[in-house]
Amino acid sequence: MMSSYLIKRFVSLFAVLLAMSLIVFCLQSLIPADPARAIAGPSAPVETVEAVRKELGLNDPLVVQYGRFLGQLLHGDLGTSVRTRQPVASDIAKYLPASLELACMAMIMGTAMALLLALLQNTTRGAGVLRMIMLAAGSTPIFLSALLLVYFVWFKLDLLPGSGRLSLRRFSGPTGFNVLDGLLVGKPEVSLDALQHLILPALALALPVAVAVGRSLNSSLHDVLKQTYIRTVRGKGLGEADIVVRHGLRNAASAPLAMIGLQIGLLFGNLLIVERVFSWPGLGLYVVQAFAVSDLPAVLGVSMVFGTFYILINMVIEILQSVADPRIRL
Amino acid sequence: MTDILESKPASTGRSGEWTALLRRIGVLEAIGMAGVLLITIIALLARWLTPFDPQLRVADAFLPPSATYLFGTDEIGRDLFSRAILGVQYTWLPGMAIIAFSLVLGTLVGLLAGALGGKIDMLVQRLIELFLVLPSTLIALAVVASLGPGLFNTMIAIAIFWWPWYARISRDEIRRLNSRPHVEAARVAGVRGPRLLLRYLLPGAIPSLLVAASLDVANVIMTMSLMSFLGLGQPAPAPELGAMTSRALDSLTVYWWLPILPAVLIFFMCLLSNLAGDGFRSVLRGA
């Protein structure tokens, strides 16, 4: 069962990744400027440009070029960044931990807030007010919530830092995840500082996740709580909180899990904005800076990495769905 | 006495209908629908509604919001409110165009796939699935980055990833309608081809499609302003709301109105269209 599912899943994963690489390849060939001319320099003679063209294989049929592009991808070669003049892959390795740390924190906060919202809506009165709050939060562009957090919490109230990853100038740990590294090298104050820097940007990223997942969880929880087996548990005299937590949540998990998957895709886009507002030195900021100078290899390389993450995470979510609700067959 | 009794049914006739409709839609949702209408009018008439010339220096730089300059003035003394009104136009009208284009394309593709069935349906379904699993925002960003920034390229990049959602709804609705008695009857009566599609299948699919599209308006606005914020919209002097915010990012702590107020306008556009979408859904579901 499981293995045939995995095989089927890996085949479709492969197809999707292939499609994505094809899109990226097509976009690369769309670059208006001639890459051979760019490398040879604007004043180079035509023969030099032609030689570079041959060296790069730009005269080969497109299929051959695509094949070569795939081969490079498989070796982790994403090309060279025009801006940093470093291989895109090593740039990504450098900036990925910062983004991953932020994204994980955001997903944890978002899911926790979603859970809280759905539970409150299903157990207390005043759901109308909550609905309005969620509607307003869902209509707020991510840069507005990020700016408001920076302005009020950092600038006006000075409660939490609103820029960068750490107050220390130089700190680099073994994993690149500052919260973890602080503990690993025996400096818990670094971990605490890193955590404080994480809160505001992660909160900005978590708000849309909380609203979307909360809404989905709320409606499926609402449906589950009307089922007869819930009536039976209630008849056995279990407390309302127990009923919701032990019998409601698990059965209501499927749709919100799918929503989490969808939100991760949006999170990657929002990461660019939030890292820009908070000067967070991660992949988002890297891409924003790449946009500014049309550094296409960098943009496409990061898209490829984020896209692969997104597709893999959604596969894991499908498996989780079937664990939560065995009626969903893989 | 008799006057009151007699006049009562007549007066509740009209206003009663309106009250019933309003109750079904909800007051907030009705406000949203009125708001969307207002935004559309503002967007269409933007050029004549700006109190000052949005491209010219009209006062000192960095004036805070006041009765004359509602949103204050920017770094070269241009009236931010006038620029923001044009920004509403630059966001709202292209957003509507993206929705309309995706809706038409998606509906047609879904209609053909659903009605023809067989291999074509299979192929279209796989294609739609592929589009839906790809990380659309990211690829749309990459597409604009590759094609070069600009309003038209932004619109294309978003629309490419928007139509498959409608294609799926349209296809599923058509499949559902295909086996309905009235379609069977039409088929038995000899109705075929485009006439069957357009007269008997399409009208049944339209309400769901319109509801989906109206609930999508805020998403399109949000995606467009995200791209504009990232500098992928029109080049510098154009008053796009997202770009106005990102260009003024560094002056947040000194001149807060410059980055915040344009973003607040985007918030209101999204809030009103979300409310209106909910209201629209109640109207179509009820009808």
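Residues numbered from 1 in each chain as written. Chains lettered and ligands numbered in written order. Predicted model: local features only at pLDDT ≥ 70, side-chain atom pairs only at ≥ 80, totals over all residues.

1. A look at the overall build of chain B
Per the secondary structure count, chain B includes 10 helices and 0 strands. Computed over C-alpha atoms, the radius of gyration of chain B comes to 24 Å, more than 25% over the 19 Å expected from 2.2 N^0.38 for 287 residues, which places it beyond the range of a compact globule. For chain B, the spread of C-alpha atoms along the principal axes amounts to about 75 × 75 × 30 Å. Expressed as a percentage of its 287 residues, the buried residues of chain B come to 44%. Nonlocal contacts in chain B, meaning residues at least 24 apart in sequence, comprise 70% of its contacts between residues at least 6 apart. (Helix = DSSP H or I, 4+ residues; strand = E, 2+ residues; numbered from the N terminus. Rg over C-alpha atoms; globule rule 2.2 N^0.38 Å. Buried ≥ 20, exposed ≤ 12 C-beta atoms within 10 Å, placed from the backbone. Contact = placed C-beta atoms within 7 Å.)

2. Overview of the interface of chain A and chain B
Contacts between the two partners involve 40 residues from chain A and, on the opposite side, 37 residues from chain B. Those elements that provide at least two residues to the side of chain A that touches chain B are α1 (2-30), α6 (127-138), α7 (142-156), α12 (254-277), α13 (283-292) and α14 (296-324) of chain A. In terms of residue count, α14(A) provides more of the side of chain A that touches chain B than any other element does, 9 residues in total. In terms of residue class, the side of chain A that touches chain B is made up of 31 nonpolar, 9 polar and no charged. (Nonpolar A, V, L, I, M, F, W, Y, C, P; charged D, E, K, R; others polar.)

3. Things to note about the confidence of the model for chain A
Detailed reading of predicted coordinates is not advised where the pLDDT is low. On average, residues of chain A carry a pLDDT of 86, and 95% of them reach 70 or more. The element-level mean pLDDT for chain A is lowest in helix α2 (residues 35-40) of chain A, coming to 66, with α7(A) highest at 93. (pLDDT = per-residue confidence, 0-100.)

4. As for the environment of A:Val16
With respect to the secondary-structure elements, A:Val16 resides in helix α1. Judged by local crowding, A:Val16 falls into the buried class, with 20 C-beta atoms found within 10 Å. For A:Val16 and A:Gly307, which are 291 residues apart along the polypeptide, the C-alpha to C-alpha distance reads 9.7 Å. Setting aside its immediate chain neighbours within four residues, A:Val16 contacts A:Ile311, B:Leu130, B:Val133 and B:Leu134.

5. Considering the nonpolar core
Of all hydrophobic cores here, the largest spans 152 residues; its most connected members are A:Ala146, A:Val274 and A:Val299. If you tally residues by element for this core, the top one is helix α9 (residues 188-224) of chain A, at 17 residues. (Core = buried A, V, L, I, M, F, W, Y, C linked by C-beta atoms within 7 Å.)

6. Details of the environment of B:Leu93
Relative to the assigned elements, B:Leu93 resides in helix α3 (residues 80-116). When the C-alpha positions of B:Leu93 and B:Ile221 are compared, they lie 9.8 Å apart, and in sequence the two are 128 residues distant.

7. Side note on the confidence of the model for chain B
Residue and element names in this part refer to chain B. On average, chain B scores 88 in pLDDT, and the residues at 70 or more come to 95%. Mean pLDDT values for the elements of chain B range from 65 in helix α1 (residues 2-25) up to 94 in α3. A low-confidence stretch, residues 1-11 stays under pLDDT 50, and its non-local contacts, those more than four residues away or across chains, total 0 contacts. Overall fold confidence for the complex sits at a pTM of 0.88, while the interface term, ipTM, reaches 0.86.

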